[in-house]
Amino acid sequence: MDVQPQVFRDTPAILVESIWWDARTDEVVWVDITAGTLHRGRLDGAVDGSDDRVTELPPPVSAVQPRAAGGYIAALGDRIVTLDDDGLIAETLARLDHAHPGMRSNEAKVDPFGRFLVGSMEETGDTSDAALYLLDDTGLRTLLGGFGVTNGFEWSDDGRTVYVTDTAVKTVYRASYGEDGRLGPLEPFLVDYDSDGLALDTDGRFWNGVSGSGTVLCWSPEGAVEDHLAVPVPNVTSVAFGGPDLSTLFVGTAREGLDEDQLERAPLSGAIFRFDGLATGRPVGVYGARAAAPRPTSGTTGQED
(Lines give C-alpha, C1' and ligand atoms only; values in the text may rest on other atoms or scores of the structure.)
Protein backbone atom coordinates (compact mmCIF):
# COMPACT_ATOMS: atom_id res chain seq x y z
CA MET A 1 0.00 0.00 0.00
CA ASP A 2 1.41 3.37 -0.99
CA VAL A 3 0.28 5.07 2.20
CA GLN A 4 2.50 7.34 4.25
CA PRO A 5 2.39 7.05 8.04
CA GLN A 6 1.96 9.97 10.40
CA VAL A 7 3.95 10.24 13.60
CA PHE A 8 1.62 9.79 16.57
CA ARG A 9 4.28 9.94 19.30
CA ASP A 10 8.00 10.62 19.12
CA THR A 11 9.10 10.30 22.73
CA PRO A 12 11.31 8.28 21.79
CA ALA A 13 10.77 4.98 23.57
CA ILE A 14 13.28 2.19 23.98
CA LEU A 15 10.78 -0.57 23.16
CA VAL A 16 7.11 0.18 22.49
CA GLU A 17 4.66 -2.65 23.13
CA SER A 18 1.09 -3.44 24.15
CA ILE A 19 -0.71 -0.67 22.23
CA TRP A 20 -4.52 -0.56 22.64
CA TRP A 21 -7.43 1.86 22.67
CA ASP A 22 -9.03 2.55 26.05
CA ALA A 23 -12.65 3.51 25.34
CA ARG A 24 -13.11 4.27 29.05
CA THR A 25 -10.83 7.30 28.83
CA ASP A 26 -10.53 7.91 25.07
CA GLU A 27 -6.79 7.29 25.20
CA VAL A 28 -4.20 5.23 23.40
CA VAL A 29 -2.36 3.06 25.94
CA TRP A 30 1.09 1.56 25.50
CA VAL A 31 4.18 0.57 27.45
CA ASP A 32 7.90 1.04 27.07
CA ILE A 33 9.07 -2.39 28.19
CA THR A 34 12.68 -1.60 28.95
CA ALA A 35 12.03 1.75 30.65
CA GLY A 36 9.18 0.25 32.68
CA THR A 37 6.72 3.01 31.85
CA LEU A 38 2.98 3.02 31.19
CA HIS A 39 1.82 5.72 28.75
CA ARG A 40 -1.70 7.02 28.15
CA GLY A 41 -2.25 9.69 25.52
CA ARG A 42 -5.12 11.32 23.68
CA LEU A 43 -5.41 11.25 19.89
CA ASP A 44 -4.92 15.02 19.74
CA GLY A 45 -2.10 15.03 22.29
CA ALA A 46 1.33 16.51 21.72
CA VAL A 47 3.53 14.45 19.40
CA ASP A 48 6.41 14.74 21.87
CA GLY A 49 4.26 13.13 24.58
CA SER A 50 4.55 16.13 26.89
CA ASP A 51 0.87 15.99 27.87
CA ASP A 52 0.60 12.19 28.14
CA ARG A 53 0.00 10.49 31.46
CA VAL A 54 3.14 8.49 32.26
CA THR A 55 3.53 6.10 35.19
CA GLU A 56 6.80 4.48 36.20
CA LEU A 57 6.64 0.78 37.06
CA PRO A 58 9.35 -1.75 37.93
CA PRO A 59 10.98 -2.64 34.60
CA PRO A 60 10.48 -4.58 32.51
CA VAL A 61 6.74 -4.09 31.99
CA SER A 62 5.73 -6.02 28.89
CA ALA A 63 1.97 -5.52 28.71
CA VAL A 64 -0.96 -3.68 30.28
CA GLN A 65 -4.62 -4.46 29.59
CA PRO A 66 -7.98 -3.21 30.96
CA ARG A 67 -9.64 -4.84 33.97
CA ALA A 68 -13.39 -5.16 34.54
CA ALA A 69 -13.06 -4.36 38.23
CA GLY A 70 -11.33 -1.09 37.35
CA GLY A 71 -7.79 -0.14 36.55
CA TYR A 72 -5.58 -2.54 34.68
CA ILE A 73 -3.83 -5.90 34.69
CA ALA A 74 -0.12 -5.89 33.83
CA ALA A 75 2.71 -8.31 33.11
CA LEU A 76 6.00 -7.37 34.77
CA GLY A 77 9.23 -9.33 34.42
CA ASP A 78 8.19 -12.33 36.51
CA ARG A 79 4.77 -11.49 37.90
CA ILE A 80 1.26 -10.44 36.98
CA VAL A 81 -0.20 -7.51 38.90
CA THR A 82 -3.24 -5.28 39.03
CA LEU A 83 -2.87 -1.52 38.64
CA ASP A 84 -5.23 1.11 39.97
CA ASP A 85 -6.72 3.87 37.82
CA ASP A 86 -3.53 5.90 38.23
CA GLY A 87 -1.42 3.00 36.97
CA LEU A 88 0.11 2.18 40.34
CA ILE A 89 0.58 -1.43 41.50
CA ALA A 90 -2.30 -2.57 43.70
CA GLU A 91 -1.89 -6.35 44.02
CA THR A 92 0.22 -9.26 42.79
CA LEU A 93 -2.02 -11.90 41.23
CA ALA A 94 0.55 -14.52 40.21
CA ARG A 95 4.24 -15.16 39.67
CA LEU A 96 5.75 -16.63 36.53
CA ASP A 97 8.10 -19.51 37.27
CA HIS A 98 10.66 -18.95 34.53
CA ALA A 99 12.82 -21.92 33.58
CA HIS A 100 16.07 -20.05 34.28
CA PRO A 101 17.52 -16.55 34.73
CA GLY A 102 17.61 -14.35 31.66
CA MET A 103 13.91 -14.69 30.88
CA ARG A 104 10.98 -12.29 31.22
CA SER A 105 7.33 -11.93 30.37
CA ASN A 106 6.49 -10.67 26.90
CA GLU A 107 3.23 -10.45 24.94
CA ALA A 108 -0.02 -10.49 26.91
CA LYS A 109 -3.64 -9.96 25.90
CA VAL A 110 -7.10 -10.69 27.27
CA ASP A 111 -8.96 -13.44 25.42
CA PRO A 112 -12.67 -13.36 24.44
CA PHE A 113 -13.52 -15.16 27.70
CA GLY A 114 -11.97 -12.48 29.90
CA ARG A 115 -8.77 -14.38 30.76
CA PHE A 116 -5.19 -13.08 30.62
CA LEU A 117 -2.95 -14.90 28.15
CA VAL A 118 0.72 -14.11 28.71
CA GLY A 119 3.91 -15.47 27.23
CA SER A 120 7.56 -15.37 28.19
CA MET A 121 10.77 -15.02 26.23
CA GLU A 122 14.49 -15.70 26.30
CA GLU A 123 16.62 -12.56 26.71
CA THR A 124 20.13 -13.95 27.01
CA GLY A 125 20.12 -17.19 25.02
CA ASP A 126 18.58 -19.05 22.12
CA THR A 127 16.98 -21.97 23.94
CA SER A 128 13.26 -22.73 23.76
CA ASP A 129 12.38 -22.60 27.43
CA ALA A 130 9.73 -19.88 27.18
CA ALA A 131 6.09 -20.72 27.77
CA LEU A 132 2.49 -19.63 27.34
CA TYR A 133 0.41 -19.05 30.49
CA LEU A 134 -3.27 -18.43 31.22
CA LEU A 135 -4.60 -16.52 34.24
CA ASP A 136 -8.23 -16.48 35.34
CA ASP A 137 -10.07 -16.36 38.66
CA THR A 138 -8.94 -19.92 39.42
CA GLY A 139 -5.24 -19.02 39.17
CA LEU A 140 -2.32 -19.30 36.78
CA ARG A 141 -1.59 -22.36 34.65
CA THR A 142 0.93 -23.21 31.96
CA LEU A 143 -0.68 -23.96 28.60
CA LEU A 144 2.43 -24.90 26.65
CA GLY A 145 6.22 -24.62 26.74
CA GLY A 146 8.87 -24.83 24.06
CA PHE A 147 8.81 -21.23 22.76
CA GLY A 148 11.73 -18.92 22.14
CA VAL A 149 9.92 -15.58 22.06
CA THR A 150 6.15 -15.66 22.56
CA ASN A 151 4.58 -12.73 20.78
CA GLY A 152 1.50 -11.41 18.94
CA PHE A 153 -1.80 -13.04 19.97
CA GLU A 154 -5.23 -12.97 18.35
CA TRP A 155 -8.46 -14.99 18.37
CA SER A 156 -11.14 -16.05 15.93
CA ASP A 157 -14.60 -14.51 16.21
CA ASP A 158 -15.97 -17.31 18.36
CA GLY A 159 -12.84 -17.77 20.49
CA ARG A 160 -12.34 -21.34 19.24
CA THR A 161 -9.01 -20.57 17.56
CA VAL A 162 -6.01 -18.75 18.99
CA TYR A 163 -3.12 -17.31 16.98
CA VAL A 164 0.21 -17.11 18.80
CA THR A 165 3.59 -16.01 17.47
CA ASP A 166 7.04 -17.39 18.16
CA THR A 167 9.36 -14.73 16.77
CA ALA A 168 12.38 -16.98 17.37
CA VAL A 169 11.24 -19.40 14.67
CA LYS A 170 9.57 -16.85 12.36
CA THR A 171 6.15 -18.43 12.74
CA VAL A 172 2.62 -17.46 13.74
CA TYR A 173 0.78 -20.59 14.82
CA ARG A 174 -2.89 -21.29 15.23
CA ALA A 175 -4.48 -23.84 17.52
CA SER A 176 -7.86 -24.83 18.84
CA TYR A 177 -8.87 -22.93 21.95
CA GLY A 178 -11.99 -22.28 23.91
CA GLU A 179 -13.87 -21.57 27.09
CA ASP A 180 -12.36 -24.60 28.81
CA GLY A 181 -8.90 -23.06 28.35
CA ARG A 182 -7.45 -26.07 26.56
CA LEU A 183 -4.90 -25.44 23.84
CA GLY A 184 -4.80 -27.78 20.86
CA PRO A 185 -1.76 -28.72 18.75
CA LEU A 186 0.04 -25.80 17.12
CA GLU A 187 -0.27 -25.49 13.35
CA PRO A 188 1.99 -23.09 11.38
CA PHE A 189 -0.13 -20.35 9.81
CA LEU A 190 1.98 -17.29 8.93
CA VAL A 191 5.60 -18.27 8.29
CA ASP A 192 9.04 -17.00 7.25
CA TYR A 193 8.86 -13.53 8.80
CA ASP A 194 10.23 -12.12 12.08
CA SER A 195 6.68 -11.55 13.27
CA ASP A 196 6.05 -9.45 16.36
CA GLY A 197 2.70 -7.76 17.04
CA LEU A 198 -0.53 -9.08 15.55
CA ALA A 199 -3.93 -7.44 15.06
CA LEU A 200 -7.07 -8.80 13.42
CA ASP A 201 -9.49 -6.48 11.63
CA THR A 202 -13.25 -6.92 11.18
CA ASP A 203 -12.74 -8.36 7.68
CA GLY A 204 -10.63 -11.17 9.10
CA ARG A 205 -7.32 -9.81 7.83
CA PHE A 206 -4.19 -9.92 9.98
CA TRP A 207 -1.90 -6.92 10.42
CA ASN A 208 1.50 -8.14 11.42
CA GLY A 209 4.51 -6.11 12.54
CA VAL A 210 7.78 -7.55 11.21
CA SER A 211 10.85 -6.87 13.31
CA GLY A 212 13.95 -5.67 11.47
CA SER A 213 12.15 -4.93 8.22
CA GLY A 214 10.39 -1.61 8.73
CA THR A 215 7.13 -3.13 7.53
CA VAL A 216 3.67 -4.18 8.62
CA LEU A 217 2.25 -7.01 6.55
CA CYS A 218 -1.43 -7.42 5.74
CA TRP A 219 -2.44 -11.08 5.49
CA SER A 220 -5.65 -12.51 4.09
CA PRO A 221 -7.87 -14.66 6.35
CA GLU A 222 -6.29 -17.67 4.62
CA GLY A 223 -2.74 -16.56 5.50
CA ALA A 224 -1.52 -15.07 2.20
CA VAL A 225 0.33 -11.74 2.10
CA GLU A 226 -1.95 -9.15 0.49
CA ASP A 227 0.09 -6.00 1.00
CA HIS A 228 2.51 -4.18 3.25
CA LEU A 229 2.95 -0.84 4.96
CA ALA A 230 6.33 0.81 5.26
CA VAL A 231 7.56 2.79 8.27
CA PRO A 232 10.86 4.71 8.29
CA VAL A 233 12.52 2.65 11.03
CA PRO A 234 13.75 -0.96 11.10
CA ASN A 235 12.28 -2.39 14.29
CA VAL A 236 8.49 -2.69 14.21
CA THR A 237 6.89 -4.06 17.38
CA SER A 238 3.26 -3.66 18.46
CA VAL A 239 0.34 -3.07 16.06
CA ALA A 240 -3.21 -2.25 17.16
CA PHE A 241 -6.35 -0.47 16.03
CA GLY A 242 -7.59 2.53 17.99
CA GLY A 243 -9.61 5.70 17.97
CA PRO A 244 -13.34 6.00 18.74
CA ASP A 245 -14.27 3.97 15.65
CA LEU A 246 -11.15 1.75 15.78
CA SER A 247 -10.15 2.85 12.27
CA THR A 248 -6.60 3.99 13.03
CA LEU A 249 -3.77 1.47 12.91
CA PHE A 250 -1.05 2.32 15.43
CA VAL A 251 2.42 0.90 14.85
CA GLY A 252 4.97 0.80 17.66
CA THR A 253 8.71 0.65 17.11
CA ALA A 254 11.93 0.26 19.10
CA ARG A 255 15.41 1.75 19.27
CA GLU A 256 16.71 -0.99 21.54
CA GLY A 257 19.63 -2.85 19.95
CA LEU A 258 20.40 -0.15 17.38
CA ASP A 259 23.85 1.42 17.29
CA GLU A 260 24.58 5.13 16.82
CA ASP A 261 24.89 4.86 13.04
CA GLN A 262 21.57 3.04 12.77
CA LEU A 263 19.85 5.59 15.00
CA GLU A 264 21.28 8.41 12.90
CA ARG A 265 19.82 6.81 9.77
CA ALA A 266 16.47 6.10 11.48
CA PRO A 267 15.99 8.89 14.04
CA LEU A 268 12.30 8.08 14.54
CA SER A 269 13.13 4.66 16.00
CA GLY A 270 11.10 4.27 19.18
CA ALA A 271 8.21 6.36 17.84
CA ILE A 272 4.60 5.31 17.33
CA PHE A 273 3.15 5.80 13.85
CA ARG A 274 -0.46 5.90 12.71
CA PHE A 275 -2.27 4.92 9.51
CA ASP A 276 -5.86 6.12 9.17
CA GLY A 277 -8.78 4.52 7.36
CA LEU A 278 -7.17 1.28 6.16
CA ALA A 279 -9.42 -1.05 8.15
CA THR A 280 -11.52 -1.30 11.28
CA GLY A 281 -10.26 -3.17 14.31
CA ARG A 282 -11.86 -4.93 17.26
CA PRO A 283 -12.32 -3.74 20.84
CA VAL A 284 -9.67 -4.82 23.32
CA GLY A 285 -10.56 -7.68 25.68
CA VAL A 286 -11.24 -6.83 29.31
CA TYR A 287 -9.85 -9.03 32.08
CA GLY A 288 -12.66 -10.54 34.14
CA ALA A 289 -15.37 -9.78 31.57
CA ARG A 290 -16.43 -12.18 28.86
CA ALA A 291 -17.23 -10.51 25.55
CA ALA A 292 -20.80 -9.23 25.87
CA ALA A 293 -21.76 -10.14 22.30
CA PRO A 294 -20.35 -12.23 19.45
CA ARG A 295 -17.36 -10.60 17.85
CA PRO A 296 -17.79 -9.21 14.31
CA THR A 297 -18.18 -11.82 11.62
CA SER A 298 -15.07 -12.46 9.54
CA GLY A 299 -13.27 -15.23 7.74
CA THR A 300 -11.55 -16.45 10.92
CA THR A 301 -14.15 -18.52 12.69
CA GLY A 302 -12.17 -21.61 13.52
CA GLN A 303 -9.57 -24.16 12.50
CA GLU A 304 -11.68 -25.40 9.62
CA ASP A 305 -11.15 -22.05 7.86
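Quick note: structure is the one above.
None of the values given here were measured: they were computed from a predicted structure.

S.K.: When you look at the nonpolar core in this model, what are you seeing that I'm missing?
M.R.: Formed by 17 residues in total, the largest nonpolar core has its most connected members in Trp 207, Val 216, Val 231, Leu 249 and Val 251. Listing elements by their share of this core, those giving two or more residues are strand E20 (215-219), strand E22 (236-242), strand E23 (248-253) and strand E24 (272-276). Considering each element in turn, this core owes the most residues, three residues, to E22.

S.K.: Is there a simple way to think about the pattern of salt bridges in this case?
M.R.: Should their charged atoms come close, side chains of opposite charge can pair. Under the defined criterion, the tally for this structure stands at 15 salt bridges. Across the pair Arg 24 and Asp 22 runs a salt bridge whose closest N-O atoms are separated by 2.9 Å. Residue Arg 24 is classed as partly exposed on the basis of its relative accessible area, which comes to 45%. Using a relative accessible area of 2% as the deciding quantity, one classes Asp 22 as buried. Note that Arg 282 and Asp 157 form a salt bridge whose closest N and O atoms lie 2.9 Å from each other. Note that Arg 282 is positioned in the segment after E24 and Asp 157 in the loop between strand E14 (150-155) and strand E15 (161-166), a separation of 125 residues in sequence. Take Asp 157: its relative accessible area is 11%, and that puts it in the buried class. Linked by salt bridges that have partners in common, Asp 201, Asp 203 and Arg 205 make up one network.

Definitions and limits used
- Residues numbered from 1 in each chain as written.
- Predicted model: local features only at pLDDT ≥ 70, side-chain atom pairs only at ≥ 80, totals over all residues.
- Heavy atoms only, no water.
- Core = buried A, V, L, I, M, F, W, Y, C linked by side-chain atoms within 4.5 Å.
- Buried < 20%, exposed > 50% of the residue type's maximum accessible area, 1.4 Å probe, protein only.
- Helix = DSSP H or I, 4+ residues; strand = E, 2+ residues; numbered from the N terminus.
- Salt bridge = Lys/Arg side-chain N within 4 Å of Asp/Glu carboxyl O.

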